[in-house]
Amino acid sequence: MSGVWAVVVGAATGILSGMGIGGGTLLMLWLLFAAKADQLAAQGLNLVYFLPTAAAGLVSHIRARRIRLRVFLLCAGFGLAAAFAGSRLALAIETAWLRKIFGGLLIGSGVAQFVRAKKD
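First, a word on what this report is: a plain description of the structure on this page.

Conventions adopted
Residues numbered from 1 in each chain as written. Predicted model: local features only at pLDDT ≥ 70, side-chain atom pairs only at ≥ 80, totals over all residues. Heavy atoms only, no water. Helix = DSSP H or I, 4+ residues; strand = E, 2+ residues; numbered from the N terminus. Buried < 20%, exposed > 50% of the residue type's maximum accessible area, 1.4 Å probe, protein only. Contact = heavy atoms within 4.5 Å. Axes fitted to C-alpha atoms, helices over the stretch in contact; angles between N-to-C directions. Parallel < 35°, antiparallel > 145°, perpendicular 65-115°, else oblique. Left-handed = near helix turned anticlockwise from the far one by under 90°. Nonpolar A, V, L, I, M, F, W, Y, C, P; charged D, E, K, R; others polar. Core = buried A, V, L, I, M, F, W, Y, C linked by side-chain atoms within 4.5 Å.

Relative to the assigned elements, threonine 13 resides in helix α1 (residues 2–19). Judged by relative accessible area, threonine 13 falls into the buried class, the value being 0%. Not counting the four nearest positions on each side in its chain, threonine 13 is found in contact with Gly23, Leu26, Leu27 and Tyr49.

Bringing the packing of helix α2 (residues 23–34) against helix α5 (residues 95–119) into the picture now. Between α2 and α5, the shortest axis-to-axis distance is 12 Å and the interhelical angle comes to 140°. Of the possible angle classes, the one that applies to α2 and α5 is oblique. Pair α2 / α5 crosses with left-handed handedness. When α2 is examined against α5, the residues Thr25, Met28, Leu29, Leu32 and Phe33 are found in contact with a partner set consisting of Arg99, Phe102 and Leu106.

A word on the packing of α2 against helix α3 (residues 39–63). Direction vectors running N to C along α2 and α3 enclose 150°, while the axes themselves pass 9 Å from each other. Here α2 lies roughly antiparallel to α3, going by the angle between them. The chirality of how α2 crosses α3 is right-handed. Where α2 approaches α3, its residues Gly24, Leu27, Met28, Leu31 and Leu32 are matched on the opposing element by Gln39, Ala42, Gln43, Leu45, Asn46 and Tyr49. Of the residues assigned to the contact of α2 with α3, the class counts are seven nonpolar, four polar and no charged.

This next bit is on the nonpolar core. Core analysis: the largest hydrophobic core is formed by ten residues, namely Val9, Leu27, Met28, Trp30, Leu31, Leu32, Ala37, Ala42, Tyr49 and Phe102. Put simply, the parts of the chain that give this core at least two residues each are α2 and α3. A total of five residues in this core trace back to one element, the largest contributor, which is α2. With residues near it in sequence (within four places) discarded, alanine 37 still touches Leu31, Leu32, Ala42 and Arg99.

Rendered as structure tokens:
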């Protein structure tokens, strides 16, 4: 059954990622709680997973002319630098703290979505 769930979660996260909603969050939750992956292993797999799904989404947006090259290059450059720094930081932090930080980010983003939805 685990293989079936892996396919279902992979498909769901791919669809969500393609829509720009953030399938990686669902993938992280599944890896941590259902697949019982180690925090750092789950984070690493999530990052590797992100590359092809982001590339597929990027191609679609480029074709639809929704990407401004200058803005993309600035964001990509600073994003790469920040990702490198963040990966080094993650290796220096205890796993328990990484889980708390991840949980706090999920809660914070959920609260922000509710607050923003009320304003719209």
